[in-house]
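For reference, the chains in residue letters:
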Amino acid sequence: MGKTTDSSDAKAVGEAVDPARLERDLAFLATLGARDDGGVARLALDANDTQARLWLAEQAAALGANASVDAIGNLFLDLPGSDPTLAPVVTGSHLDSQPAGGRYDGALGVLAGLEALRALGDAGIQPRRPLSLVSWTNEEGARFAPGTSGSAVFCGVRGLDETRAIRDADGVSLGSALDECLAALDAAGIPRRPLATPMHAFVELHIEQGPILERVGAPAGVVEGIQGVSWFEVTLSGSANHAGTTPRAMRRDALEGACALAASLREAARDEADRVRFTIGKFVVSPGSVNTIPDRVTFSIDLRHPEAATLDALSASFRLLAGQPWAGCQATLTPLSRIEPVDFPAPLTALLADTAEDLALTAPRLMSGAFHDAIHLAGHCPTAMLFVPCRGGLSHHPDEHVDLDEAVAGTRLLAASLARLCA
Ligand code: HGY
Ligand code: MN
Ligand code: MN
């Protein structure tokens, strides 16, 4: 992983992280899409997401960095290194949130990266390699499914045109929302950049969104990989009719079919080891009238597992189940995305673990149950992640919370690790 700077430089960069600056940025970013319950609703490419990007781009000047944006809206802040011919070290995460999200999911990774860039300057270290911060477009997939659009298109895993064609629940295309966002960035003078630019390494800091680090009392964790994920859309088509006059034998009730199929899919996914993650998060009934028998129900499936073979086997059993009649209705199972599990390279996770030791930080190794943009970057360059604990492991919820001292500890570890990678 390249020449490492002596650990005193890395430590100095870690120490230069400013808790008050990080706290101020977290508080400000949480105002963009603030909910009354303390959470955040900053959906991909909505006005708040665009505001957040414009704010991030404005931070470049003070850093001596250059802001640029690519064709899928990924925003980069590039800090030059003493040897501009070298591929950059990159850190970053996402600014979009869930509809009832927390203020740390994604945002902490972007702001910790921003703080790391500042800390390098404050510590008087000029990195040999360029160092970049990136905010990826539409990681969550809550508005435009599937998620991780920005990093998937950047890495060539998905096409730009197919991604631009995705529509949200109101029929708005990702492409039209993206063009509005890009127009605002163009108007702010942010230049364009190509996709798939070379990277020496990518390190993403993120909240764990699970209970492990809090349980063991560790302020940070070194992530060794991410489990695989498959998203599906299931549609049941029946016949609408009058709720009061239609005898059971004449009904093709799409809701009755959907409930029966959903229960069978959940049963098929049940495993004694409790490693399969099966979630139905969206369930849309139409026409949605109290006194009309539903003729169409669409629901989502989010399926996760660390092993690709298990994802394959469960997907096959889902297809079989969907092929059966359900309350006389026709069911279709449409795959929306499949992302393979990834393991991060040992030399990079070792560097992160060594740096944690240098900073006298306990940082156990763990896998990620949540997906992140790093899952695609792992195919583009050596990639790894750092986690910080979140209270009760709660995430994708307005009460998501990270103690400032743990956010700062993780940021110091990120900054010191990046300093070593840039040396
Ligand atoms: O769903 C996920 O795993 C990520 O938090 N978007
Ligand atoms: Mn996230
Ligand atoms: Mn998330």
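The structure displayed is predicted, hence computed values, not measured ones.

Cut-offs and rules
- Residues numbered from 1 in each chain as written.
- Chains lettered and ligands numbered in written order.
- Predicted model: local features only at pLDDT ≥ 70, side-chain atom pairs only at ≥ 80, totals over all residues.
- Heavy atoms only, no water.
- Domains from an automatic or database assignment.
- Contact = heavy atoms within 4.5 Å.
- Buried area = accessible area lost by both parts, 1.4 Å probe.
- Salt bridge = Lys/Arg side-chain N within 4 Å of Asp/Glu carboxyl O.
- Polar contact = N/O pair within 3.5 Å; in protein donor to acceptor, adjacent residues only side chain to side chain.
- Nonpolar A, V, L, I, M, F, W, Y, C, P; charged D, E, K, R; others polar.
- Helix = DSSP H or I, 4+ residues; strand = E, 2+ residues; numbered from the N terminus.
- Expected span 1.5 Å × (residues − 1).
- Buried < 20%, exposed > 50% of the residue type's maximum accessible area, 1.4 Å probe, protein only.
- Near = heavy atom within 4 Å.
- Areas by Shrake-Rupley, 256 points an atom, 1.4 Å probe, with all protein chains shown as cover.
- Donors = N, O, S within 2.8 Å, 3.2 Å for Na, K, Ca; no water.
- Phe/Tyr/Trp six-rings, centres within 6.5 Å; stacked < 30°, edge-to-face > 60°.
- Lys NZ or Arg CZ within 6 Å of the ring centre and 35° of its normal.
- Axes fitted to C-alpha atoms, helices over the stretch in contact; angles between N-to-C directions.
- Parallel < 35°, antiparallel > 145°, perpendicular 65-115°, else oblique.
- Left-handed = near helix turned anticlockwise from the far one by under 90°.

## Quick look at the domain arrangement of the protein chain
Thinking step 1. For the protein chain, the domain assignment lists domain 1 (3–226 + 341–422) and domain 2 (228–339).
Thinking step 2. Once you take the C-alpha centre of each, domain 1 and domain 2 turn out to be 34 Å apart.
Thinking step 3. Counting residues at the interface gives 15 residues for domain 1 and eleven residues for domain 2.
Thinking step 4. For the domain 1 and domain 2 pair, buried surface summed over both sides reaches about 890 Å², with 71% attributable to carbon and sulfur atoms.
Thinking step 5. Taken as a group, Pro146, Pro341 and Phe371 account for 53% of the area that domain 1 buries against domain 2, more than any other trio of residues on that side.
Thinking step 6. Here domain 1 and domain 2 share zero salt bridges between them.
Thinking step 7. Taken together, the connections running from domain 1 to domain 2 amount to one residue pair in polar contact (both at pLDDT 80 or more).
Thinking step 8. The class makeup of the residues in the side of domain 1 that touches domain 2 is eight nonpolar, five polar and two charged.

## Observations regarding helix α4 (residues 107–122)
A turn of α-helix holds 3.6 residues, and therefore any two residues three or four places apart point the same way.
Thinking step 1. Compared with an ideal rise of 1.5 Å per residue, which puts 16 residues at 22 Å, α4 spans 22 Å between its outermost C-alpha atoms and is within 8% of the ideal.
Thinking step 2. A large share of α4 lies buried, amounting to 14 of its 16 residues.
Thinking step 3. Positive phi appears at Gly124, one or two residues downstream of α4, with a value of about 70°.

## Overview of the site of ligand 1
Thinking step 1. Neighbouring ligand 1 are the residues Glu139, Glu140, Gln209, Arg304, Ala370, Phe371 and His396.
Thinking step 2. Glu139 is positioned with one of its side-chain polar atoms (N or O) 3.1 Å from a nitrogen atom of ligand 1.
Thinking step 3. In this structure, Phe371 approaches ligand 1 through a main-chain N or O atom, which is 2.8 Å from an oxygen atom.
Thinking step 4. If ligand 1 stood free it would expose 210 Å²; the protein chains cover 95% of that surface.
Thinking step 5. The residue inventory of the shell around ligand 1, partitioned by class, reads two nonpolar, two polar and three charged.

## What to know about the coordination of the manganese ion (ligand 3)
Thinking step 1. Here the manganese ion (ligand 3) is held by the protein donor atoms Asp105 (OD), Glu140 (OE), Glu140 (OE) and His396 (NE2), which lie 2.1 to 2.5 Å from it.
Thinking step 2. Counting gaps between the donor residues of the manganese ion (ligand 3) yields the pattern D-x34-E-x255-H.
Thinking step 3. A distance of 3.4 Å spans the gap from the manganese ion (ligand 3) to the manganese ion (ligand 2), which Asp105 bridges by coordinating each metal. Remark: His396 occurs in the loop between β14 (383–388) and α13 (404–422) and Glu140 occurs in the loop between β4 (131–136) and α5 (149–154); sequence separation between them is 256 residues.

## Things to note about the packing of aromatic side chains
Aromatic ring pairs: the centre-centre distance and the angle between the two ring planes describe each pair.
Thinking step 1. This model, assessed by the stated rule, comprises nine aromatic pairs.
Thinking step 2. Taking the centre distance of 5.9 Å and the plane angle of 70° together, the rings of Trp136 and Phe202 count as edge-to-face. Residue Trp136 is found in strand β4, and its partner Phe202 is found in strand β5 (residues 201–207); the two are separated by 66 residues along the sequence. Considered together, Trp136 and Phe202 belong to a single accessibility category, that of buried residues.
Thinking step 3. Taken together, the ring pairs connect Phe76, Trp136, Phe154 and Phe202 into an aromatic cluster.
Thinking step 4. It is Arg193 that lies over the ring of Phe76; its NZ or CZ is 3.7 Å from the centre.

## Considering the coordination of the manganese ion (ligand 2)
Thinking step 1. Here the manganese ion (ligand 2) is held by the protein donor atoms His94 (NE2), Asp105 (OD) and His206 (NE2), which lie 2.1 to 2.3 Å from it.
Thinking step 2. Positions of the donor residues of the manganese ion (ligand 2), expressed as sequence spacing, correspond to H-x10-D-x100-H.
Thinking step 3. Owing to a relative accessible area of 1%, His206 belongs among the buried residues under this scheme.

## Overview of the packing of helix α11 (residues 346–358) against α13
Thinking step 1. Where α11 meets α13, the closest approach of the two axes is 9 Å, and the angle between their N-to-C directions is 120°. Considering the angle they form, α11 stands oblique to α13. For the element pair α11 and α13, the recorded crossing hand is right-handed. Mapping the contact onto sequence places Leu348, Leu351, Leu352, Asp354, Thr355, Ala356 and Asp358 in α11 and Leu413, Ala416, Ser417, Arg420 and Leu421 in α13.

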